[in-house]
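Now for the letters of each chain:
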Amino acid sequence: IPLSITGVWQEGDLYNLLFFTIGLLLMFKSRDYYLPLIMGIGMINNEQILFLFIFYIAYLVSQNKLNTKKSYFIIALSPVVCLLFYFLFSWKFGFRESETLYYALHNFESIPSILSLWVTQVVIFVWLSIKSFKYSDNFFKLGLMSVGLYFVLFFSYASIREVAKFLPAYLMLMPRSLQV
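This is a predicted model, so every value here is computed, not measured.

What counts, and at which threshold
Residues numbered from 1 in each chain as written. Predicted model: local features only at pLDDT ≥ 70, side-chain atom pairs only at ≥ 80, totals over all residues. Heavy atoms only, no water. Phe/Tyr/Trp six-rings, centres within 6.5 Å; stacked < 30°, edge-to-face > 60°. Helix = DSSP H or I, 4+ residues; strand = E, 2+ residues; numbered from the N terminus. Buried < 20%, exposed > 50% of the residue type's maximum accessible area, 1.4 Å probe, protein only. Lys NZ or Arg CZ within 6 Å of the ring centre and 35° of its normal. Expected span 1.5 Å × (residues − 1). Patch = residues over 30% accessible without salt bridge, like charges linked within 9 Å, V, L, I, M, F, W, Y side chains within 5 Å. Areas by Shrake-Rupley, 256 points an atom, 1.4 Å probe, with all protein chains shown as cover. Salt bridge = Lys/Arg side-chain N within 4 Å of Asp/Glu carboxyl O. Core = buried A, V, L, I, M, F, W, Y, C linked by side-chain atoms within 4.5 Å. Contact = heavy atoms within 4.5 Å. Axes fitted to C-alpha atoms, helices over the stretch in contact; angles between N-to-C directions. Parallel < 35°, antiparallel > 145°, perpendicular 65-115°, else oblique. Left-handed = near helix turned anticlockwise from the far one by under 90°. pLDDT = per-residue confidence, 0-100.

**Q** When you look at the packing of aromatic side chains in this model, what are you seeing that I'm missing?
**A** Geometrically, a pair of aromatic rings is defined through the distance of the ring centres and the angle of the planes. Taken as a whole, this structure holds 12 aromatic pairs when the rule is applied. Summarising the aromatic geometry, the rings of Phe51 and Phe55 are spaced 5.4 Å apart at their centres and angled 85° between planes, so their arrangement reads as edge-to-face. Placement of the pair is Phe51 and Phe55 together in helix H3 (residues 51-62), with a separation of four residues, close to one helical turn. A centroid spacing of 4.8 Å and a plane angle of 75° characterise the contact between Phe51 and Tyr150, whose relative ring orientation is edge-to-face. Of this pair, Phe51 sits in helix H3 while Tyr150 sits in helix H7 (residues 138-157), placing them 99 residues apart in sequence. Assigned by exposure class, Phe51 and Tyr150 land together as buried. One aromatic cluster in this structure is built from Phe20, Phe51, Phe55 and Tyr150. One Lys or Arg, Lys141, reaches over the ring of Phe133 and ends 5.6 Å from the middle of that ring. Taking NZ or CZ as reference, Arg176 lies 3.8 Å from the ring centre of Phe140, over its face.

Next comes the structure, spelled out in structure tokens:
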């Protein structure tokens, strides 16, 4: 687990990884009725849990289960539950300040150190995942492609100095890397 965080221990990142892991396990065990609840609880911790929704759709497409009543129900319910949890807790405790512009501007500072961090902790997994792409099942192929979208959103909404916030993407990268 990359723990390159800047100065403060952020257990929220590890909770986020836990919610993503539980969500993926629920998908693989066909217990996806619980996904909206996991996503709602995860929303209390971090809005990043919404990306589990993308992984779920990739899973449904890869398993040819997208056109079922169960999947339609979960696809419709998940965002509703996430929004409900988000607004209820934000109404009770206050809305978080958006730091998007701050991160978008400060991600370009100290490029050499950031590049070395990402090369040592992320690029190797991406390279190995791409190398094993043709041997992967459809879910991990779609999951690997969605990691690109995840990175673009991550770059815009988070500090790229903190690779710990990128942990959920490792759930797609590491199994493929180990396959090599």
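**Q** Would you mind showing me how to read the environment of Leu149 here?
**A** Summarising the element assignment, Leu149 is placed in helix H7. Judged by its relative accessible area of 43%, Leu149 is partly exposed. With 98 residues separating them along the chain, Leu149 and Phe51 place their C-alpha atoms 9.7 Å apart.

**Q** Which parts of the structure should I look at to understand helix H1 (residues 11-28)?
**A** Along an α-helix, residues three or four positions apart point the same way, because every turn accommodates 3.6 residues. With 18 residues, H1 should cover 26 Å at 1.5 Å per step; its first-to-last C-alpha distance of 26 Å lies within 8% of that length. Looking at H1, one finds that the buried residues are Asp13, Asn16, Leu17, Phe19, Phe20, Gly23, Leu24, Leu26 and Met27. Positioned one or two residues after H1, Ser30 has a phi angle of 60°, which is positive.

**Q** Would you take a moment to explain a nonpolar patch on the surface for this structure?
**A** On the surface, Tyr33, Tyr34, Leu37, Ile41, Ile44, Phe73, Leu84, Leu88, Phe89, Trp91 and Phe93 cluster together into a nonpolar patch covering about 1,200 Å² of accessible area. Of all the elements in the fold, those that place two or more residues in the nonpolar patch are helix H2 (35-45) and helix H4 (69-93). Sorting elements by how many residues they give to the nonpolar patch places H4 first, with six residues. Mapped onto the fold, Ile44 is located in helix H2. Overall, the relative accessible area of 35% leaves Ile44 in the partly exposed class.

**Q** What am I meant to see in the nonpolar core here?
**A** A general feature of soluble globular proteins is that nonpolar side chains tend to end up buried together. Counting 39 residues, the largest nonpolar core has Met27, Leu52, Trp118 and Phe166 as the members making the most contacts within it. With eight residues, the top contributor of residues to this core is H3. For Leu52, the residues in contact, after removing those within four places along its chain, are Phe19, Phe20, Gly23, Leu24, Met27, Leu35 and Met39.

**Q** Is there a simple way to think about the packing of H1 against H2 in this case?
**A** Where H1 meets H2, the closest approach of the two axes is 10 Å, and the angle between their N-to-C directions is 175°. Our classification of the angle between H1 and H2 gives roughly antiparallel. Across the interface between the two elements, Gly12, Tyr15, Asn16, Phe19, Ile22, Gly23, Leu26 and Met27 of H1 pack against Leu35, Ile38, Ile41, Gly42 and Asn45 of H2.

**Q** Explain the packing of H1 against H3 here, please?
**A** Between two packed helices, both the angle of their axes relative to each other and the distance between the axes serve to describe the pair. Packing of H1 against H3 brings their axes to within 11 Å, and their N-to-C directions diverge by 20°. Relative to H3, the element H1 lies roughly parallel. Crossing of H1 over H3 shows right-handed handedness. Where H1 abuts H3, its residues Phe19, Phe20, Gly23, Leu24, Met27 and Phe28 lie against Phe51, Leu52, Phe55, Tyr56 and Tyr59.

**Q** Is there a simple way to explain the confidence of the model for the protein chain in this structure?
**A** Should the pLDDT be low somewhere, the predicted coordinates at that spot are not to be read in detail. Here the protein chain shows a mean pLDDT of 81. Residues at 70 or above account for 81%. For the protein chain, per-element mean pLDDT is lowest for helix H5 (residues 100-106), which scores 57, and highest for H2, which scores 92.

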